[in-house]
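# A structural walkthrough
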Amino acid sequence: MLDFNRRILDQETSKSQNIFRTIGRFAQYFRQYWLGFAFSMIFVVISAWATVLAPELTGQAVDCYLFPSAENCWYTTVDTAASTSTRLEGLGGLVIVLVAVFVLDAVMVGLAFYAMRWAGQNVIRDIRNRLFDKIHQLSIGYYTRNEAGDIMSRLTNDLDTVQQMFNFALLNVIRGVFIIGSIVFAMLRANVPYALVSLSMIPLMLVATQYFSSQARKAFRKARQEIGNVNADLQESIAGAREVQAFNREEESIAQFNAGNQANRDANIRAAMFTSALNPVLEALSFAAMGLMVLVGGYSALNNQPLLGTSVISVGTIIAFIAYIQRLNQPVQQIAILWTNVQSGIAGGERIFSLLDEPVDIVDKPDARPLPTIDGTVIFENVEAEYKPGEKVLRGINFQANKGQIIAIVGPTGAGKTTIINLIPRFYDVTNGAVKIDGIDVRDVTQDSLRSQIGIVLQDTFLFSDTVMENIRYGRLDATDEEVIEAAKLVAAHEFIERLPDGYQTVLGERGGGLSQGQRQLIAIARVALMNPNILILDEATSSVDTRTERIIQAAFEKLLEGRTSFVIAHRLSTIRNADQVLMVKDGQIIERGTHQELLAQRGAYYDLYMSQFSEAEAS
Ligand SMILES: Nc1ncnc2c1ncn2[C@@H]1O[C@H](COP(=O)(O)OP(=O)(O)OP(=O)(O)O)[C@@H](O)[C@H]1O
Ligand SMILES: [Mg+2]
C-alpha cells in the first residue's frame, strides 16, 4: 500500500473546467461497450455486499453457536440444549459459508476490474484512433500555431491519465463508495446508536487522509522542481564547462548544485514522512473507534443497560462492528487518494476532447472533385495571404508558370517566399485572389488529388525511422523495389546508398540520424522522383555541404526538374540561371521579374542582391 500511495501521489493533478460535459463525452465513447461497464457495476455491488456479509456471519458464529441467543441469531434456529458436537458441526457449516463469501468477494472484484478494463481499453483505443485521425486532418497552419510538444503530450500524458483512471482509479473509488455505503447501512440496520459511535471516526479519517495526501503531493511537487533545477545545473555545467572554467566559477556552480540537490533530498524525505504516516494514523483512528465501541458496548452489556433505549447489544454484533470498522479503513483511504486521479483523468480527457474538437481549417468543399492529371500551368491571380487576420504577408501576387517552366523565387528573409509555395499544395488558403492549376482553383479540388500530384523537397528533410527503401517508397506506396532503386539511380543516390552498411535495408535513426544532410536530401529527392509529379516545389538547402555532394545534389535536382513545372526557392546561382523566370520578392510583393540576365540588366534590387551574395561565388 505504501509504494502504491507513493506512486499515485507523485503525480500532478489538474482539475477539469467542466466536469459534467467531459463525463458526458466519455459516456458517449462507453456507449458501445456499455455491457462491460454494466457488468463491472453489478460485480462491484455484489462484492461490496460480500464484504459486509462476512463480518455479519462472523458475528452470527458467536450469537448462534458460542453464546446462542434466539434473539440475536437469524442465521439458524437456536437450540440452547444442543450438544457441543452439534454446535461445532453448525459452526463448521458456517465457516464453509464464510469461506464461500470470501471467495465470491475475490472473484467478483477480479471480474469487476476485468470488465471495466475491457471497456476502458476499448474506449482508450477508440480515442487514440480518433486523435491520430485528427492529427492528419489538422492543417500545417495548426502545427505552426501549436507546439509539437503540447500535441504529443495530449497523445501520451493525457491519454495516460485517462487510462489510469479507467484501469484502477475510477473503479476503486466507486467500489469504496459502495463498500462504505453497505457498511454504514449494515451498521444502522443492526444498531443505530452503536453505528453512530463506530462511524464517529470517519470524518476524522477523511480529514487525516486529505491532509496527509495533500501535504505529500506538495512535497513531491517541490522535489520535482528541485530535481529539475539540479538537472538543469548539471546540463549547463557540462554544456558550458569551458565558460565555467574560463571564468573560475567552479565553486559557485558546485554550491548552487549542492543546494538544489539538498533541497531535493529534503523534499523527498518530507514526502516520505507523509506517505508513511498516513496508514498508521488511519489505523490508530480505527483502533480508537473500536476501543470506543468496546467500551460503550462492554459498559452497557455489563450493566445490562441498553444504550439510548435500544436492546442490549450482543457479543456477536460487537464482533461484527469491530470487523466493519476495520473494513472502513481501506475504502476511505482509496477514495481520498484516488479521487485526485479521477480528477486528473477527467482533466486529461477534457484536453483530449478539446484537441478532437479543434476545427479543421482546410477542408474539401462538399462538391470538391478530384483534380485531373495535371498538365502543369500554375497561375497566381491577385493573391493575398495572411497568417494573422489583418496582417497581410502577401499582396497582389500575379504570375503565370507554364508547363515545364522553372520559376526561381528569390528575396530577403521574411519576404514571403515560403508562403507563396505553401499556397500551391494548399497548406494554407489565400485570403484573396486565387491559385489555379490548369485553370482550376486549388480550393475546388480534393486535397488528396491535389497533393498527390505535387512533389515537395524541403530544406530540412524528414526521414522516418525505417529502412532507406521504405523512406524512398514513401513517395509512391505501390512502387516495387526495382522502381525504388531506379528512382535512386535517376538522382544519383544509388551509389551512396549501396555503400551504407545494409544498403537499401539500412534502418535510419530518428530524423535520419547517421546520414549527412546532403545524403538525407538525396533520399528526399529520390522519394519525389519516384512520385513522378508534374509540379515540383523545392526549397533549396542553404546549409553548406561538401562540394562533391553539392554537385551530386545539383545534378539530381536538374534531373528532377526536367519536364516539370517547378518552383524553386533558390539559393544557388546555377538554379537561378537555369530558371525561365526569376521572381524577386520583397515585403510580400513581387518587385522585379524576368530572367537572370534581364534582371541584372535592370540594375535594381536583384542586381544588388546578386552583387552582395553571388558575385564571389561567380568569381570562384
Ligand atoms: N506560421 C506563421 N505564422 C505567422 N506568421 C508567419 C508564419 N510563417 C511566416 N510568417 C510571417 O510571414 C512573413 C513571410 O514569411 P515566409 O516564411 O514566407 O518568408 P521567407 O521569404 O520564406 O523567409 P526565409 O528566407 O527566411 O525562409 C514573415 O514576416 C513571417 O514572419
Ligand atoms: Mg522560407
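Figured I'd write up the structure that's included with this text. (Residues numbered from 1 in each chain as written. Chains lettered and ligands numbered in written order. Predicted model: local features only at pLDDT ≥ 70, side-chain atom pairs only at ≥ 80, totals over all residues. Heavy atoms only, no water.)

### Considering the side chain of K134
Mapped onto the elements of the fold, K134 is located in helix α4 (residues 84-137). No salt bridge forms around the buried K134; measuring N to O, its nearest opposite-charge neighbour D357 is 6.6 Å away. Discounting residues that sit within four places of it in the chain, K134 has contacts with L355, L356, D357, E358 and V360. (Helix = DSSP H or I, 4+ residues; strand = E, 2+ residues; numbered from the N terminus. Buried < 20%, exposed > 50% of the residue type's maximum accessible area, 1.4 Å probe, protein only. Lys, Arg positive; Asp, Glu negative; His and termini not counted. Salt bridge = Lys/Arg side-chain N within 4 Å of Asp/Glu carboxyl O. Contact = heavy atoms within 4.5 Å.)

### Describing helix α6 (residues 148-190)
For α6, which comprises 43 residues, the first-to-last C-alpha distance of 60 Å matches the rise-based estimate of 63 Å (1.5 Å per residue) to within 8%. Of all the bends in α6, the greatest, near 50°, is centred on F166. (Expected span 1.5 Å × (residues − 1). Bend = angle between axes of the 7 residues up to and from the residue.)

### Notes on the environment of A401
As for its placement among the helices and strands, A401 is situated in strand β2 (residues 391-401). For A401, a relative accessible area of 0% translates into the label buried. Distance in space between the C-alpha atoms of A401 and Q137 is 29 Å, their sequence separation being 264 residues. If near-sequence neighbours (up to four positions away) are discounted, A401 is found in contact with G376, T377, V378, I407, T565 and F567.

### Things to note about the pattern of salt bridges
Applying the stated criterion across every chain yields a total of 19 salt bridges. Residue R242 is joined to E243 by a salt bridge in which the shortest nitrogen-to-oxygen separation is 3.8 Å. When its relative accessible area of 40% is taken as the criterion, E243 is described as partly exposed. Across the pair D266 and R265 runs a salt bridge whose closest N-O atoms are separated by 2.9 Å. A relative accessible area of 45% places R265 in the partly exposed class. Each member of the salt-bridge network shares a partner with another, and the members are R21, R25 and D357.

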